[in-house]
Amino acid sequence: MTVRIVVLAKQVPDPETPPSQFKIDESTNSVVPPSGVPPVVNGFDLNAVEAALLLRDGGADVEITVLSVGSEFVMDAMKKPLAMGADRLVLVDEEGLDKIDSSATVKVLAAAIEKDGPFDLILGGRQASDWDQAHVTLGLAEVLGLPLVSLVQKLEIDGDSLSLQRVIPDGYQAITAPVPSVLTITNELGEPRYPNLRGIMQASRKKPEILSLADLGLSASDLTPKLELKKLYVPESNKQVELIEGEDEADSGKKLALRLREEKLI
Amino acid sequence: MDFGLTETQELIKASAREFLEEKSDPAVVRAVADGDSDAIAELWKDVVELGWPSLTIPEEHGGAGLTFSDLAVLLEELGAKLAPTPIVESSISSWIIERFASDSIKSDLLPKVAEGEVLITPAIVERDASWDPESTKLAATRSGSNLVITGEKRFVAFAEQATHALTLVRTDDGEPALVVVPIWKADGVEQTPLKHSSGVPVSSLAFNELEVAETNIVATGDQALKAAEELIAAGGVARSAQLAGLGRAVVDATVEYTANREQFGVPVGSFQAVQHHLADMAIAAKQVNHLVHSAAWSFSREGYSVDTAAQAKIAASDKIAALCWTAHQCHGAIGFTWEHDLHLYTRRALAWKTDYGDSAFHKEKLANAMGL
């Protein structure tokens with residue numbers, strides 16, 4: 001039987017953007033897209049794609065759908081999961097959807113999953129590298145009424161049962177969960193695979209399936225934010241260099257340790 | 001008209017950039033330059049898994065069936081990271097085999113090249129260091145259904161890793177022939193590694209009465225010369241694509257350095273004299289980039305433009321090497337140290353400047369094509 005997996009993916013600014021190009025428009029509390037640096041798919045979401053592909057590598061018959069909510073999608077970036085081996089790309093694409101808060105995002109994703117489902121597994125990255133809130137996948141489990149396991153580093157599927165490893169600070173928990181479940185995948189799962197040429201060609205030939213809010217029975221009024229962003233700014237950082245000199249290396253080290261303790265850094 | 005990259009090319013570029021960032025860092029480039037052949041083998045294994053050797057091989061032979069323009073996008077990224085891997089050698093050899101060889105050679109070799117089982121490298125240059133196919137002297141005597149090859153080829157890149165060489169010989173009736181020669185651990189082939197500025201393995205190949213089946217002949221007579229001319233043009237454009245990427249990387253590194261290195265309390269990049277250098281470097285890199293894509297676009301299953309291929313290699317050979325010297329000026333003393341990576345780029349640019357013909361060689365091609 002085919003295991004239907006949906007992987008949540010978010011288009012985010014490239015975390016490798018040089019700091020000199022990272023700008024905030026404080027009048028609108030928004031990040032100014034850096035010119036010449038295209039956005040990317042959130043790296044943790046690629047871990048989730050990799051998790052789904054590993055199930056396929058392990059012999060499971062899986063269909064992998066990548067689902068994203070936003071606007072002004074850059075297709076070269078959003079098709080990367082397809083190039084890695086995912087089967088479908090579904091985009092809920094409407095102006096303004098890239099600026100909604102996490103509760104509204106959950107609402108849109110839940111509607112898209114209900115329309116396109118049922119799915120056996122819902123996978124998301126542990127968090128998105130733009131806001132790092134880790135809200136959406138957790139909220140989605142709540143709204144859909146499904147079990148949630150966060151920070152999964154390994155998963156195996158056997159019929160209606162999932163064997164999972166969940167990362168904790170000093171090791172991992174072995175957990176069994178039912179199908180369907182919602183999982184957030186952590187980077188401890190391993191590096192996402194690089195798209196090979198065959199995957200790239202297949203991705204080029206596939207067209208994303210585009211949905212609007214109306215297709216999901218939603219309107220802008222359903223997406224009233226529950227979070228209010230008061231102020232967005234780049235914290236000021238002052239770089240000061242203080243040279244610690246001593247009579248020899250041991251003396252310098254001692255003085256450095258004392259200085260760091262004075263500053264309460266150690 | 002859209003002059004941008006296609007969606008496939010953007011995906012190739014992004015994927016290659018990400019892969020090479022991790023797998024072809026300066027430590028790997030330095031290790032290979034120091035003779036670490038395991039590092040080459042490890043990178044090649046990953047490259048084969050990504051399917052890069054199959055890029056331009058037609059789908060009917062197990063390849064991806066993409067274009068020379070698509071290949072140029074990949075080669076730019078390989079050049080930008082100085083990736084020590086024989087994609088140019090493999091790609092242009094399979095391109096020529098697909099264009100000129102018999103169906104039996106194609107169906108035998110091309111699927112193996114696509115899978116990475118077979119690696120073919122061109123072996124054209126001889127003792128006189130000429131890229132002119134007419135100057136070929138490597139002797140091949142007919143003996144029954146075999147050719148017996150005796151003589152030498154020089155400056156063969158990645159010969160240590162290659163299973164076959166695509167080489168030009170002169171048969172006993174004086175006719176040239178382009179032949180696929182098995183060289184991997186072959187009796188009758190002696191490899192001598194050369195000390196070479198490129199930082200990748202380059203060898204001389206001595207053939208001592210090596211017997212090769214006549215069925216390995218790709219082309220003979222005028223057709224062999226035509227195939228060799230196209231091989232050198234394709235190699236020139238491929239190297240130019242790598243040089244374009246190399247130039248871009250050097251410009252980026254120099255901009256970053258001059259934006260951060262302070263003198264007299266300000267970044268050295270704020271001085272107009274340095275800015276002029278940076279502007280000249282950026283213009284040169286972009287010119288080469290445009291000429292490369294124009295030349296690559298001209299390559300098809302029906303032929304190529306001699307003019308644009310020559311223009312690309314002339315510009316790449318002259319401008320990118322000069323750009324590297326300017327980068328050393330902008331970096332000051334640090335750019336002349338062994339520990340800084342800039343010399344890796346400069347030495348590679350100098351090696352590639354003459355590979356598949358220097359600018360004087362291609363200026364003659366261009367002049368001939370223009371009817372001068």
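Keep in mind that what you see is a predicted model, and the values were worked out from it rather than measured.

Cut-offs used in this document
Residues numbered from 1 in each chain as written. Chains lettered and ligands numbered in written order. Predicted model: local features only at pLDDT ≥ 70, side-chain atom pairs only at ≥ 80, totals over all residues. Heavy atoms only, no water. Pairing = 2+ DSSP bridges. Helix = DSSP H or I, 4+ residues; strand = E, 2+ residues; numbered from the N terminus. Axes fitted to C-alpha atoms, helices over the stretch in contact; angles between N-to-C directions. Parallel < 35°, antiparallel > 145°, perpendicular 65-115°, else oblique. Left-handed = near helix turned anticlockwise from the far one by under 90°. Contact = heavy atoms within 4.5 Å. Nonpolar A, V, L, I, M, F, W, Y, C, P; charged D, E, K, R; others polar. UniProt positions renumbered as here; feature names shortened; annotations may be inferred. Polar contact = N/O pair within 3.5 Å; in protein donor to acceptor, adjacent residues only side chain to side chain. Domains from an automatic or database assignment. Salt bridge = Lys/Arg side-chain N within 4 Å of Asp/Glu carboxyl O. Buried < 20%, exposed > 50% of the residue type's maximum accessible area, 1.4 Å probe, protein only. Phe/Tyr/Trp six-rings, centres within 6.5 Å; stacked < 30°, edge-to-face > 60°. Lys NZ or Arg CZ within 6 Å of the ring centre and 35° of its normal. Buried area = accessible area lost by both parts, 1.4 Å probe.

**Some details on the pairing of strand 10 (residues 161-168) of chain A**
All names here are of chain A.
And then number 1: Across six bridges, strand 9 (residues 148-158) lies against strand 10 in antiparallel orientation. The partner of Asp-158 across the bridge, within strand 10, is Ser-161.
And then number 2: Joining the antiparallel neighbours strand 9 and strand 10 is a turn of two residues, in which Gly-159 adopts a positive phi near 65°.
And then number 3: Pairing between strand 10 and strand 11 (residues 171-178): eight bridges, direction antiparallel. The residue of strand 11 that forms the bridge with Ile-168 is Gly-171.

**Side note on the packing of helix 1 (residues 7-23) of chain B against helix 4 (residues 68-80) of chain B**
The geometry of a pair of packed helices is captured by two quantities: the angle between their axes and the separation between those axes.
All names here are of chain B.
And then number 1: Where helix 1 contacts helix 4, the two axes come as close as 9 Å, and the packing angle between them is 25°. Considering their axes alone, helix 1 and helix 4 lie roughly parallel with respect to each other. You can see that helix 1 and helix 4 cross each other, and the crossing is right-handed. Across the interface between the two elements, Gln-9, Ile-12, Lys-13, Ala-16, Arg-17 and Leu-20 from helix 1 touch Ser-69, Asp-70, Val-73, Leu-74, Glu-77 and Leu-78 from helix 4.
And then number 2: Looking at the contact of helix 1 with helix 4 residue by residue, the class counts come to six nonpolar, two polar and four charged.

**Things to note about the UniProt feature "domain: Acyl-CoA dehydrogenase/oxidase C-terminal" (unreviewed entry) in chain B**
And then number 1: According to UniProt, the "domain: Acyl-CoA dehydrogenase/oxidase C-terminal" (unreviewed entry) feature falls on residues 230-370 of chain B.
And then number 2: Note that residues 230-370 of chain B is 77% helix and 3% strand, and that its end C-alpha atoms are spaced 17 Å apart.

**Notes on the UniProt feature "domain: Acyl-CoA dehydrogenase/oxidase N-terminal" (unreviewed entry) in chain B**
And then number 1: In this structure's numbering, the residues bearing the UniProt feature "domain: Acyl-CoA dehydrogenase/oxidase N-terminal" (unreviewed entry) are residues 6-117 of chain B.
And then number 2: Its end C-alpha atoms 30 Å apart, residues 6-117 of chain B is made of 70% helix and 0% strand.

**Side note on the environment of Asn-146 of chain B**
Residue and element names in this part refer to chain B.
And then number 1: Mapped onto the fold, Asn-146 is located in strand 3 (residues 146-157).
And then number 2: If sequence neighbours within four positions are ignored, Asn-146 has contacts with Thr-141, Glu-211, Val-212, Ala-213 and Glu-214.
And then number 3: Separated by 3.0 Å, the side chains of Asn-146 and Glu-211 make a polar contact.

**Points about the domain arrangement of chain A**
And then number 1: Here chain A is partitioned into domain 1 (3-223) and domain 2 (236-266).
And then number 2: Taking only C-alpha atoms, the centre of domain 1 of chain A and the centre of domain 2 of chain A are 44 Å apart.

**Quick look at the pattern of salt bridges**
Pairs may arise between side chains of opposite charge once their charged atoms sit close together.
Residue and element names in this part refer to chain A.
And then number 1: Summed over the entire model, instances satisfying the criterion amount to 37 salt bridges over all chains.
And then number 2: Here Lys-154 and Glu-156 are joined by a salt bridge, their closest N and O atoms 3.9 Å apart.
And then number 3: Since its relative accessible area comes to 44%, Glu-156 is described here as partly exposed.
And then number 4: Of the charged contacts in the structure, one is a salt bridge between Lys-255 and Asp-251, with a shortest N-O distance of 3.2 Å. Of this pair, Lys-255 and Asp-251 are both found in helix 7 (residues 249-262), four residues apart, which corresponds to roughly one turn of the helix.
And then number 5: With relative accessibility at 37%, the residue Lys-255 sits in the partly exposed group.
And then number 6: Through salt bridges with shared partners, a single ionic network connects Glu-242, Arg-259, Glu-262 and Glu-263.

**Examining the packing of aromatic side chains**
And then number 1: One pass over the structure, following the stated rule, counts eight aromatic pairs over all chains.
And then number 2: When the centroid spacing of 4.5 Å and the interplanar angle of 20° are considered together, the rings of Phe-68 of chain B and Phe-299 of chain B count as stacked. Remark: Phe-299 of chain B occurs in the loop between helix 8 (272-298) and helix 9 (306-331) and Phe-68 of chain B occurs in helix 4; sequence separation between them is 231 residues. Take Phe-68 of chain B and Phe-299 of chain B: they sit in the same class, and that class is buried.
And then number 3: A centroid spacing of 4.8 Å and a plane angle of 35° characterise the contact between Trp-131 of chain B and Tyr-356 of chain B, whose relative ring orientation is tilted. Separated by 225 residues along the polypeptide, Trp-131 of chain B in the loop between strand 1 (120-123) and strand 2 (139-143) and Tyr-356 of chain B in the loop between helix 10 (342-354) and helix 11 (359-369) bring together distant segments of the chain.
And then number 4: Stacked on the ring of Phe-44 of chain A, the Lys or Arg Arg-126 of chain A has its end atom at 5.9 Å from the ring centre.
And then number 5: Here Lys-231 of chain A stacks its cationic end above the ring of Tyr-233 of chain A, 4.8 Å away from the centre of that ring.

**Here we look at the interface of chain A and chain B**
And then number 1: With 13 residues of chain A in contact, the opposing surface of chain B contributes 19 residues.
And then number 2: When the buried area of chain A at its contact with chain B is split by residue, Asp-76, Tyr-194 and Leu-197 of chain A rank highest and sum to 46% of it.
And then number 3: The interface formed by chain A and chain B includes three salt bridges.
And then number 4: Here chain A is connected to chain B by six residue pairs in polar contact (both at pLDDT 80 or more).
And then number 5: Those elements that provide at least two residues to the side of chain A that touches chain B are helix 2 (75-78) and helix 6 (197-205) of chain A.
And then number 6: Its residues placed into classes, the side of chain A that touches chain B shows seven nonpolar, two polar and four charged.

**Focus on the domain arrangement of chain B**
All names here are of chain B.
And then number 1: With domains assigned, chain B is organised as domain 1 (7-118), domain 2 (121-221) and domain 3 (223-369).
And then number 2: Here the C-alpha centroids of domain 2 and domain 3 sit 29 Å apart.
And then number 3: Listed per partner, the contact involves 20 residues of domain 2 and 17 residues of domain 3.
And then number 4: Between domain 2 and domain 3 the total buried area reaches about 1500 Å² when both faces are included, carbon and sulfur atoms providing 72% of it.
And then number 5: Three residues stand out in domain 2 for area buried against domain 3, namely Trp-131, Pro-133 and Ser-197, and they jointly supply 38% of the buried area on that side.
And then number 6: Seen at the junction of domain 2 and domain 3, the total is zero salt bridges.
And then number 7: Of all the elements in the fold, those that place two or more residues in the side of domain 2 that touches domain 3 are strand 4 (164-171), strand 5 (176-182) and strand 8 (217-220).
And then number 8: The biggest single contributor to the side of domain 2 that touches domain 3 is strand 5, with three residues.
And then number 9: Per-class residue counts for the side of domain 2 that touches domain 3 are twelve nonpolar, six polar and two charged.

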